[in-house]
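# Examination of the molecular architecture
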Amino acid sequence: MRIENSFIPVRGVGEVTERRLWEHGITHWDEFDGSVVGDTLTDRIETFIETGRAHLEQGDVAPFAESLPASSRWRLYENARENTCFLDIETTGLDASHHDVTTVSLHRNGETTTFVKGRDLTRDRLAAALDAASLLVTFNGRRFDVPFLETCYDLDVTTPHVDLMYPCKKIGLDGGLKAIERDVGIDRDLPEISGRDAVRLWREYERGDDAALETLIEYNRADTQHMEPLLELVTERLHEQVFESVCRGE
């Protein structure tokens, strides 16, 4: 599903009206003709489509992210797929005002980069990596990863953001990232490591154990890499549930 199939970013168009448009065969911006809704909504939708095309030509999905509910931002992915950045952080605790970020991994275009505290983890590097992406994907990053980075590095993260936790819930997938991976059959080669283990590994590294840091990095990188197939699966299921089933008249 692409942004061009969507009408709910328009003020006054909810899921019911969008579904009615799809049921009448208006499943893409190209097919909109104003025959299903009143004059006021017609004007708003036509303006939305005109400005929306201009944003998409520039590769800018930010205006759509701002007007979509968190559970529907998965619709941005197909348009921004080639420039999507998957992000995960490790920390020494849960409070950004008292604890530190230890590693940050970013997975984009098949390559994963990890920044490490005291080596190359800086505000400028983080800002550059995030600014270069069209779409940011995290798991529970809306409540944890992004606010933590903003507090610790004085960042203002404005990259359009899909927090996978919300669309996962929409299709009945609850729990943490690793539990959901198991539920959908995404396997990890690493033994399971908890957040507490991540803190322990960092402390061991500070005491001189370089192998502990390598384990921590490997664990952090796996989180970002596994988000990509999970997002693919979730968007496929939601596309079927939200869009294809309506188009088939189910």
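Cut-offs and rules
Residues numbered from 1 in each chain as written. Predicted model: local features only at pLDDT ≥ 70, side-chain atom pairs only at ≥ 80, totals over all residues. Heavy atoms only, no water. Helix = DSSP H or I, 4+ residues; strand = E, 2+ residues; numbered from the N terminus. Buried < 20%, exposed > 50% of the residue type's maximum accessible area, 1.4 Å probe, protein only. Contact = heavy atoms within 4.5 Å. Areas by Shrake-Rupley, 256 points an atom, 1.4 Å probe, with all protein chains shown as cover. Lys, Arg positive; Asp, Glu negative; His and termini not counted. Charge placed at Lys NZ, Arg CZ, Asp CG, Glu CD. Pairing = 2+ DSSP bridges. Axes fitted to C-alpha atoms, helices over the stretch in contact; angles between N-to-C directions. Parallel < 35°, antiparallel > 145°, perpendicular 65-115°, else oblique. Left-handed = near helix turned anticlockwise from the far one by under 90°. UniProt positions renumbered as here; feature names shortened; annotations may be inferred. Phe/Tyr/Trp six-rings, centres within 6.5 Å; stacked < 30°, edge-to-face > 60°.

The name given to the protein in an unreviewed UniProt entry is 3'-5' exonuclease, and the organism recorded there is Natrialba taiwanensis DSM 12281.

### Digging into the overall build of the protein
Looking only at helices and strands, the protein features ten helices and five strands. With the C-alpha coordinates aligned to their principal axes, the bounding extent of the protein is approximately 70 × 35 × 30 Å. Burial analysis of the protein (250 residues in total) assigns 50% to the buried set. Of all intrachain contacts in the protein linking residues separated by at least 6 positions in sequence, the fraction that spans at least 24 positions is 63%. Accessible surface, the protein as shown: approximately 12200 Å² in total, 43% of it carbon and sulfur. Counting 28 positive and 49 negative side-chain charges, the protein places the averaged centre of each group 4 Å from the other.

### Here's the deal with the sheet that holds strand E5 (residues 161–163)
Reading across the sheet, the five strands line up as E3-E2-E1-E4-E5 and stay open at both edges, with mixed pairing between neighbours. Of all strands in the sheet, those bounded by a partner on one side alone are strand E3 (111–116) and E5. Adjacent strand axes in the sheet meet at a mean angle of 25° when their direction is disregarded. In the sheet, strand E4 (residues 135–138) pairs with E5 via three bridges, with the strands oriented parallel. When the bridges of E5 are listed, Val 137 appears paired with Val 162. On the sheet, helix H6 (residues 145–153) packs against strand E1 (84–91), strand E2 (101–108), E4 and E5 and is oriented at approximately 70° with respect to E1.

### Concerning the packing of helix H8 (residues 177–184) against helix H10 (residues 210–247)
Viewed as axis vectors pointing N to C, H8 and H10 meet at an angle of 50°, and their least axial separation amounts to 10 Å. Of the possible angle classes, the one that applies to H8 and H10 is oblique. The way H8 lies across H10 gives a crossing that is left-handed. Here Leu 177, Lys 178, Ile 180, Glu 181 and Val 184 of H8 come into contact with H10, specifically with Tyr 219, Asp 223, His 226, Met 227, Leu 230, Leu 233 and Arg 237.

### Some words on the UniProt feature "domain: YprB ribonuclease H-like" (unreviewed entry) in the protein
Sites flagged by UniProt as "domain: YprB ribonuclease H-like" (unreviewed entry) map to residues 85–233. Secondary structure across residues 85–233 comprises 46% helix and 19% strand; the distance between its end C-alpha atoms is 17 Å.

### Comments concerning the packing of aromatic side chains
The final tally for this structure, using the stated rule, is seven aromatic pairs. Taking 4.9 Å as the distance between ring centres and 90° as the angle between the ring planes, the aromatic pair formed by Trp 22 and Phe 243 counts as edge-to-face. In this pair, Trp 22 sits in helix H1 (residues 15–23) while Phe 243 sits in helix H10, placing the two residues 221 residues apart along the sequence. When sorted by exposure, Trp 22 lands in the same class as Phe 243, which is buried.

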